[in-house]
Amino acid sequence: MTFPVFKSAGYVLVHTPDMIVQNGSTCVVERATNPDSEFLKEVGNHIRSYEDVVNYMPNQVYIGNNRPEELEEMPLPWCEQKVEGTREGKMGEIMPQDEFIGLMQICDVFDLVELSEEFVSMVKPKIEANYPELAPFMDKLKACDLSEAEALISSHAAEALYQDGKLVGYVKAAHDVDVNLNAHTMFENLVVKASGVLAALHMLRHSSVDRKEIGYVIECSEEACGDINQRGGGNFAKSIAEMAGIENATGSDTRGFCAGPTHALIHAAALVKAGIYKHVMVVAGGATAKLGMNAKDHVKKGLPVLEDVVGGFAVLVSENDGESPIIRTDLVGNHTVATGSAPQAVMGALIADGLDKGNLKITDVDVFSVEMQNPDITKPAGAGNVPEANYKMIGALAVKRGDLEKKELKNFIAKHGLPGWAPTQGHIPSGVPYVGFMIDDLTKGDKNRAMIVGKGSLFLGRMTNLFDGVSVVVERNNGVEEETAGVSKDEIKKIIAETMKKMALDMVQE
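Residues numbered from 1 in each chain as written. Predicted model: local features only at pLDDT ≥ 70, side-chain atom pairs only at ≥ 80, totals over all residues. Heavy atoms only, no water.

## With respect to the overall build of the chain
Tallying secondary structure elements over the chain gives 18 helices and 13 strands in all. For 510 residues, the compact-globule estimate of 2.2 N^0.38 gives 24 Å, and the chain sits close to it at 24 Å. Referenced to the eigenvectors of the C-alpha coordinate spread, the extents of the chain come out at roughly 85 × 70 × 45 Å. Each of the 510 residues in the chain was classed as buried or not, and the buried ones make up 55%. The contacts of the chain with a sequence gap of at least 6 include a subset with a gap of at least 24, amounting to 75%. Surface exposure of the chain reaches about 21,900 Å², of which carbon and sulfur atoms provide 52%. Separation of charge centres in the chain, based on 49 positive and 72 negative side chains, amounts to 6 Å. (Helix = DSSP H or I, 4+ residues; strand = E, 2+ residues; numbered from the N terminus. Rg over C-alpha atoms; globule rule 2.2 N^0.38 Å. Buried < 20%, exposed > 50% of the residue type's maximum accessible area, 1.4 Å probe, protein only. Contact = heavy atoms within 4.5 Å. Areas by Shrake-Rupley, 256 points an atom, 1.4 Å probe, with all protein chains shown as cover. Lys, Arg positive; Asp, Glu negative; His and termini not counted. Charge placed at Lys NZ, Arg CZ, Asp CG, Glu CD.)

In structure tokens:
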């Protein structure tokens, strides 16, 4: 079997201004603990318009209209540097909130989402025009009477849906008692599903592979769906496949906090390399809990609330086509139980261990895609420049290993790194945002080798204090199939043909 490849990718952002205040964890907690706070009074004045979100360079990079390197030429804060952006990108789009709320109802198969007649009549033509793939499901978009809305919302039997500060609908609880099916959870899960569907549709639009040929889907966001008897049983993957028209696929959910997507990519590559499936889609929707997560710091510093988009992505892993970048399943780095949590040990396990398997130096990797978090968001919040910190540690490791001269350390980031551009949606920034660019860089560009690195904080689940992470090397496809057990596929075919010819002659002679 030859190495699998990265075939295509899709990236989406959804501008959700009302959800920042109504559903983001920072605002929700503040409203519960300090409802009269100055922050809650002020936060609404710091929320950007849809046009501002579209004309924001990191967002244009995320959907593929601009290269990450272009951010290096712009001074921080990037939110003060306006660009001329577009909704549609080379790899995806930035969706406005009204259409997304409509998409949530379309993705709801249990009639939990209720929308006003005025809102549905306004948004339905937009969705029909922009997403013809959803035509089989458009009958799900329908209006209802919202006369009971206030009572349901005040009793927590429903989660409100707002557009421009106006109540336009709600998400009902799916069970009277089960907390796993309460209104808040169902709202979050429908956001994950809808944004995952949107990402899948865009990946399919940019792919030469027919959706009916995809055999497996892995969903790798940070939410979990289930009921009282199986709290995280799933399955987001299959529910997204259903809506995206991937009718011949099965699938499952993979969880690993921020490292989840890289785990999922490796799982997908293993399934393809084993010959079980020809095409596997890895997909993830976004998290409303992380909207406005660092809003207090942004407001305090007079900045807009920059965590104002829900993210999503979809990546297709396929059989070797002789052209797309190959996933070196033999060059995987792992943070094991024994690794520990010391930064040096973590980097050694994730970066060096995988490269050592191929006798490669750190400098043999042209680009490292790490936690590509947008520093415009993290620096004002006191978390620094996350990608830059990772690249400094990788560079220091290279010096320690003798792969890099100490005097060359200051140039390491410029040569092997990228500025961060992804929203702080947990799993969304972790390694995966570069895959779309990487497909171009390792086919049409001047790069030959990259590494995808995912890291995660398992202690957030309160089950272990362990850290987590995996990495995988990706290389330019040389168009030559690897040999299996010393014999190439062409040689095997020749041997089979000669054997069958001999058997036929023997039968004739008998």
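## Quick word on the packing of helix H13 (residues 343-356) against helix H15 (residues 386-401)
Between H13 and H15, the least distance of the axes is 10 Å, while the angle of their chain directions is 65°. What the angle tells us is that H13 and H15 run roughly perpendicular. As H13 runs across H15, the sense of the crossing is right-handed. Across from Pro343, Gln344, Met347, Gly348, Ile351, Ala352 and Asp356 in H13, the residues of H15 making contact are Asn390, Met393, Ile394, Leu397, Lys400 and Arg401. Classifying every residue of the contact of H13 with H15 by side-chain character gives seven nonpolar, three polar and three charged. (Axes fitted to C-alpha atoms, helices over the stretch in contact; angles between N-to-C directions. Parallel < 35°, antiparallel > 145°, perpendicular 65-115°, else oblique. Left-handed = near helix turned anticlockwise from the far one by under 90°. Nonpolar A, V, L, I, M, F, W, Y, C, P; charged D, E, K, R; others polar.)

## Quick look at the pattern of salt bridges
For the structure shown, the criterion picks out 27 salt bridges. Note that Arg255 and Asp253 form a salt bridge whose closest N and O atoms lie 3.9 Å from each other. Its salt-bridge partner being Asp356, residue Arg401 comes within 3.0 Å of it at the nearest N-O pair. Here Arg401, found in helix H15, pairs with Asp356, found in helix H13; they are 45 residues apart in sequence, far enough to count as distant. For Arg401, a relative accessible area of 30% translates into the label partly exposed. By relative accessible area, Asp356 is classed as partly exposed at 40%. It is possible to trace a salt-bridge network through shared partners that takes in Arg328, Asp330, Arg449 and Glu475. (Salt bridge = Lys/Arg side-chain N within 4 Å of Asp/Glu carboxyl O.)

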